[in-house]
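Next come the chains, spelled out residue by residue.
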Amino acid sequence: MAEWDAGTKSTVQKIPLLKTKAGPRDKEGWANRLKEEYTALIKYVQLNKGSDQDWFTISSNKEGTHWSGKCWYIHNLLKYEFDLEFDIPVTYPMTSPEIQLPELDGKTSKMYRGGKICLSIHFKPLWSKNSPHFGVAHALCLGLGPWMAAEIPHLIDTGIISHKDK
Amino acid sequence: MSGEGEEGPSSPGKEQQDVTHPMKAFSSELSKLQSQVQALQSTKLQEQVSKLRESVKSINERVQAAAEDLRKDAPVSVADSKGVATASKYSRAVKREKIAKMSAEVKDDNPYSRLMALQRMGIVKDYEKIRDKTVAVVGIGGVGSVACEMLTRCGVGGLLMYDYDTVELANMNRLFFRPEHAGMTKTDAAVKTLREINPDVNFESYHMNITTVDGFEKFVASITRDGDGKTPRVDLVLSCVDNYEARMVINQACLELEQTWMESGVSEDAVSGHIQMIEPGVTACFECVPPLVVASGIDEKTLKREGVCAASLPTTMGMVAGFLVQNTLKYLLNFGEVSMYLGYNAMKDFFPTMDIQPNPGCTNAACCKLQTKYAGERDRRKKAKEAKDVEVEEDAGALHEDNEWSISVVEEEAPAGAGGQGGESEAQGAELAEGIEFSMPKADAIDEKTLEENAVETNDDDDVDDLRAQLEALNSK
Ligand SMILES: [Zn+2]
């Protein structure tokens, strides 16, 4: 995990691991998995709030297959906020969800079509190594968080995005 | 030579002023010849010349009619400057009509003659069988679109195309799509072009994402008879997607349907690629061992990835598409040897091949079930291969070198039905052919103890709706 900064590493270790290997097609298993997902996310959000590092909100549809929310990044004391969404892939949790920030689609080369963030080459192997015990909370912590920290300041500095009040 | 005033009154040379046209010049020469022949009073000669004149005249008429057609069809100006007229000759719109039966007849309007020649030469036993074959191509990008074009030109019976994306100008470094396709869905743009190339193919276009729960069900329905989700109606699925998630989805669908498929991939640095044949239960599935890729020989640390997601080259993609469809043709038409894994390292022009045996400890339950079901088939193939290797060895005699091309990841002797442990360690510790490596680690980071200490705690009485509400409540705080 040389890729991630110390803060991310210590945080991810505090997110509970998930036990149930079940995807959304497995009705019974998925109900259990979903409970674990919510519980792990609640813990993660509480951790963030506790250390005053809250950086996203998230909720899912009733089936737990589509997730959406907001994520934000503070740069030079200004808050930049974006919509976030993703679907749970049919092969979840063997494969990670592909997180999308639709507003940034086409604005950065570190993104696939449709606003899917381009994760580091280290993310998928790490997910794979830890599957099926990583969940949505881990994907946000190890995927979206570091992506925003690397890309958003660059997008602001190059004038590609600007603060809503400007 | 000038046509002016030298011919007799019946000569067509009068209204054909422009003698620089070769046909007209020819005609005028003939006129001169005729007057000379007339002087000789030889009736026979005269008759022959008349006939010649007739034919030249009709040629002229046809050429003029064709030129007239061209002028009507082509918006290109044929006016003044030299050479423009020649260019416009090629812009006439030609429509390729449907052809009921493939013919080997060599005619300039038969697109199948060179393909059917494969049969005449004895390479393929029954080429026309391709018309009974249906192939599904998932991912119509740099590899998939080219593969579709190849299959279309080869005259495949049915072609199902899947992609969720639209054509962008940024795709123009790849083959197949043209700037005027920008904004169209990739599947519709492909159907439009391919139907013009070969209307005999039955095209189906699926603009959708197969990785969502809904998308997966639609995908499975579309490749099964009457959408029953059980009985495959395609002969082969080709994976031309660019990500691990979609490959895993195709793997899952094909395991559930016992559908043979081929996986293809180009590395993110654009200088290596591979194809892999997957027959559920008989060969390794995509989940049996971590994905195998060709080592590019480039040190990850020296590879600069800042500011880019992935590179792509039309050359590498075109080659991988070529490998993929070549293997497809061999498989569908039963000729040559179908490659189980073929890699391409563009930096060194190195093409490793290997067989990949299924992993008895595969994490996919459907795969393990099929491995038991097809144990006999694997055994049969193993014996056939051994017999063939002996033959090759005898042929090669003393010159035989170590065969680096057919190393198996898991030896067939691996304990059949052995629990996860034995199989997995076997697969991971197995020897890969030179130049091939795993692109991902296996799932082993978390042992039972770690899990126990760090696992999420849920109660059976926990209500999933309550938990969802709790999470949502945190959003508003
Ligand atoms: Zn398998």
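Starting afresh in each chain, residues are numbered from 1 along the sequence in its written order. Labels follow written order: the first chain is A, the first ligand is 1, and so on. The predicted nature of this model means local features are confined to residues of pLDDT at least 70 and side-chain atom pairs, given and counted, to a pLDDT of 80 or more, with totals for whole chains, interfaces and linings taken over all residues. Only hydrogens and water are set aside when side-chain values are computed; all heavy atoms of the structure are taken into account.

### Some details on the interface of chain B and chain A
Here is step 1 of the chain: We call two residues contacting when some pair of their heavy atoms lies within 4.5 Å. Contact with chain B, which involves 53 residues of that partner, is made by 52 residues of chain A.
Here is step 2 of the chain: Buried area counts how much accessible surface, traced with a 1.4 Å probe, disappears from two parts once they are put together, with both parts' losses summed. Summed over the three residues of chain B that lose the most area to chain A, namely E245, V456 and L471 of chain B, the buried surface amounts to 15% of that side.
Here is step 3 of the chain: For salt bridges, the criterion is a side-chain nitrogen of Lys or Arg within 4 Å of an Asp or Glu carboxyl oxygen. Counting every contact that joins chain B to chain A gives three salt bridges.
Here is step 4 of the chain: For K62 of chain A, the salt bridge identified is with D465 of chain B, shortest N-O distance 3.4 Å.

### Concerning the packing of aromatic side chains
Here is step 1 of the chain: Stacked, tilted and edge-to-face are the three classes assigned to paired rings of Phe, Tyr and Trp, where Trp is represented by its six-membered ring and a pair needs centres within 6.5 Å; plane angles under 30 degrees give stacked, over 60 edge-to-face, the rest tilted. Scanning the model with the defined rule gives 16 aromatic pairs over all chains in all.
Here is step 2 of the chain: A centroid spacing of 6.1 Å and a plane angle of 45° characterise the contact between Y244 of chain B and F286 of chain B, whose relative ring orientation is tilted. Placement of the pair is Y244 of chain B in helix α8 (residues 244–257) and F286 of chain B in the loop between β6 (272–278) and β7 (292–294), with a sequence separation of 42 residues. Pair check on accessibility: Y244 of chain B and F286 of chain B agree, each one buried.
Here is step 3 of the chain: One aromatic cluster is present, built from ring pairs that chain together W30, Y92, F123, W127 and F134 of chain A.
Here is step 4 of the chain: Criterion for a charge above a ring: Arg CZ or Lys NZ at most 6 Å from the ring centre, at most 35 degrees from the ring normal. Positioned over the ring face of W72 of chain A is K79 of chain A, at 4.4 Å from the centre of the ring. Helix and strand assignments follow DSSP, with helices taken as H or I runs no shorter than four residues and strands as E runs no shorter than two, numbered in order from the N terminus. A 1.4 Å probe rolled over the protein chains alone gives each residue an accessible area, and that area as a share of the maximum for its type sets the label: buried under 20%, exposed over 50%, partly exposed in between.

### Overview of the coordination of the zinc ion
Ideal donor angles around a metal are set by the shape: a four-donor tetrahedron calls for 109.5 degrees, a six-donor octahedron for 90 or 180 degrees.
Residue and element names in this part refer to chain B.
Here is step 1 of the chain: The donor definition counts N, O and S atoms within 2.8 Å of each metal and applies 3.2 Å to Na, K and Ca; water is not among these atoms, so some sites may look incomplete. Around the zinc ion, the protein contributes the donor atoms C285 (SG), C288 (SG), C362 (SG) and C367 (SG), which lie 2.3 to 2.4 Å from the metal centre.
Here is step 2 of the chain: Because the angles between the four donor atoms bound to the zinc ion fall within 102 to 117°, the donor set is best described as tetrahedral.
Here is step 3 of the chain: In primary-sequence terms, the residues that donate to the zinc ion follow C-x2-C-x73-C-x4-C. In this structure, C285 and C288 share a single accessibility class: buried. Note on geometry labels: four donors, all angles 85 to 135 degrees, give tetrahedral; four donors become square planar and six octahedral when opposite donors are over 155 degrees apart and every other angle is between 65 and 115; remaining cases are irregular.

### A word on the pattern of salt bridges
Here is step 1 of the chain: For the structure on display, the rule yields 28 salt bridges over all chains.
Here is step 2 of the chain: A salt bridge links K79 of chain A to E81 of chain A; the nearest nitrogen and oxygen atoms lie 3.8 Å apart.
Here is step 3 of the chain: The exposure class of K79 of chain A is partly exposed, given its relative accessible area of 39%.
Here is step 4 of the chain: Look at E81 of chain A and you get partly exposed, because its relative accessible area is 38%.
Here is step 5 of the chain: For E128 of chain B, the salt bridge goes to K101 of chain B, with nearest N and O atoms at 3.1 Å. Placement of E128 of chain B in the loop between α4 (113–120) and β1 (134–138) and of K101 of chain B in the loop between α3 (84–88) and α4 is noted, with a sequence separation of 27 residues between them.
Here is step 6 of the chain: Note on K101 of chain B: relative accessible area 55%, which makes it exposed.
Here is step 7 of the chain: Salt bridges here are not isolated pairs; linked through shared partners, they connect E279, E377, R380 and R381 of chain B.

### Let's talk about the side chain of H138 of chain A
All names here are of chain A.
Here is step 1 of the chain: Its place among the elements puts H138 in helix α4 (residues 136–157).
Here is step 2 of the chain: Taking the relative accessible area as the measure of exposure, H138 reaches 0% and is therefore buried.
Here is step 3 of the chain: The term polar contact refers here to a pair of N or O atoms within 3.5 Å; inside protein, the definition further demands a hydrogen-donor-capable atom paired with an acceptor-capable atom, and it admits residues adjacent in sequence only when both atoms are side-chain atoms. Reaching out from H138, the side chain makes a polar contact with the backbone nitrogen of G135 at a distance of 3.0 Å.
Here is step 4 of the chain: Apart from residues no more than four positions distant in its own chain, H138 is found in contact with V12, I15, P16, L17, L18, H133 and G143.

### What about the side chain of T91 of chain A?
Here is step 1 of the chain: By the element assignment, T91 of chain A lies in the loop between β3 (78–87) and β4 (111–112).
Here is step 2 of the chain: According to the relative accessible area criterion, T91 of chain A is buried, its value standing at 7%.
Here is step 3 of the chain: Of note is the side chain of T91 of chain A, whose polar atom sits 2.9 Å from the side chain of T95 of chain A.
Here is step 4 of the chain: Not counting the four nearest positions on each side in its chain, T91 of chain A is found in contact with E245, M248, V249 and Q252 of chain B.

### Looking at the packing of helix α3 (residues 123–130) of chain A against α4 of chain A
Residue and element names in this part refer to chain A.
Here is step 1 of the chain: Running from amino to carboxyl end, α3 crosses α4 at an angle of 160°, the nearest separation of the two axes being 11 Å. Between α3 and α4, the interaxial angle falls into the category roughly antiparallel. Crossing of α3 against α4: the hand is right-handed. Listed contacts from α4 to F123, L126 and W127 of α3 are A139, L142 and G143.
Here is step 2 of the chain: Looking at the contact of α3 with α4 residue by residue, the class counts come to five nonpolar, one polar and no charged. To get an axis, fit a line to the C-alpha atoms, keeping to the stretch in contact for a helix; angles then go from 0 to 180 degrees between the N-to-C directions. Roughly parallel means an angle under 35 degrees; roughly antiparallel means over 145; roughly perpendicular covers 65 to 115; every other angle is labelled oblique. Crossing handedness is defined as follows: a turn of the near helix away from the far one that is anticlockwise and smaller than a right angle gives a left-handed crossing, while the clockwise case is right-handed. Side-chain classes follow a simple rule in which Ala, Val, Leu, Ile, Met, Phe, Trp, Tyr, Cys and Pro form the nonpolar group, Asp, Glu, Lys and Arg form the charged group, and the remainder, Gly included, forms the polar group.

### Topic: helix α5 (residues 144–154) of chain B
Here is step 1 of the chain: Extensive coverage of α5 of chain B is indicated by the burial of eight of its 11 residues.
Here is step 2 of the chain: Among the residues of α5 of chain B, G144, S145, V146, A147, C148, L151, T152 and C154 of chain B are the ones counted as buried.

### Let's talk about the UniProt feature "active site" (unreviewed entry) in chain A
Here is step 1 of the chain: UniProt positions are given in the numbering used here, feature names are shortened, and annotations may be inferred rather than shown by experiment. Mapped onto the present numbering, the UniProt feature "active site" (unreviewed entry) falls at C118 of chain A.
Here is step 2 of the chain: Relative to the elements of secondary structure, C118 of chain A occurs in the loop between β5 (116–117) and α3.

### Digging into the pairing of strand β1 (residues 56–60) of chain A
Residues and elements named next belong to chain A.
Here is step 1 of the chain: Most of β1 is tucked away, with five of its five residues classed as buried.
Here is step 2 of the chain: Of the two faces of β1, the one lined by F56, I58 and S60 and the one lined by T57 and S59 are each fully buried.
Here is step 3 of the chain: Two strands pair if DSSP finds at least two bridges between them. Relative to strand β2 (residues 66–75), β1 runs antiparallel, the two being bridged by five bridges. The residue bridging F56 from the neighbouring strand is C71, located in β2.
Here is step 4 of the chain: The hairpin formed by β1 and β2 contains five residues between the paired strands, and G64 there has a positive phi angle of roughly 75°.

### Let's talk about the sheet that holds β1 of chain A
All names here are of chain A.
Here is step 1 of the chain: Here three strands make up an open sheet; going across it, the order is β1-β2-β3 and the pairing antiparallel. Of all the strands in the sheet, just β1 and β3 have a single pairing partner and so form its edges. Going across the sheet, the axis of each strand differs from the next one's by a mean of 10°, ignoring polarity.
Here is step 2 of the chain: Docked against the sheet, helix α2 (residues 27–50) engages β1 and β2, running at close to 165° with respect to β1.
Here is step 3 of the chain: Its contacts with the sheet place α4 against β1, β2 and β3, and it is angled at close to 45° to β2.

### A look at the nonpolar core
Here is step 1 of the chain: Of all hydrophobic cores here, the largest spans 54 residues; its most connected members are F56, I58, W67, L101, L140 and L144 of chain A.
Here is step 2 of the chain: Among the elements of the structure, α2, β1, β2, β3, α3 and α4 of chain A together with α14 (464–476) of chain B are those that each provide at least two residues to this core.
Here is step 3 of the chain: The biggest single contributor to this core is α4 of chain A, with 12 residues.
Here is step 4 of the chain: Once residues within four sequence positions are removed from consideration, F56 of chain A is found in contact with L41, Y44, V45, N48, K70, C71, W72, L84 and L140 of chain A.
Here is step 5 of the chain: Counting 46 residues, the second-largest nonpolar core is a separate cluster that includes F176, A189, A190 and C240 of chain B. For this analysis, a nonpolar core means a set of buried residues of the types Ala, Val, Leu, Ile, Met, Phe, Trp, Tyr and Cys, connected via side-chain atoms within 4.5 Å.

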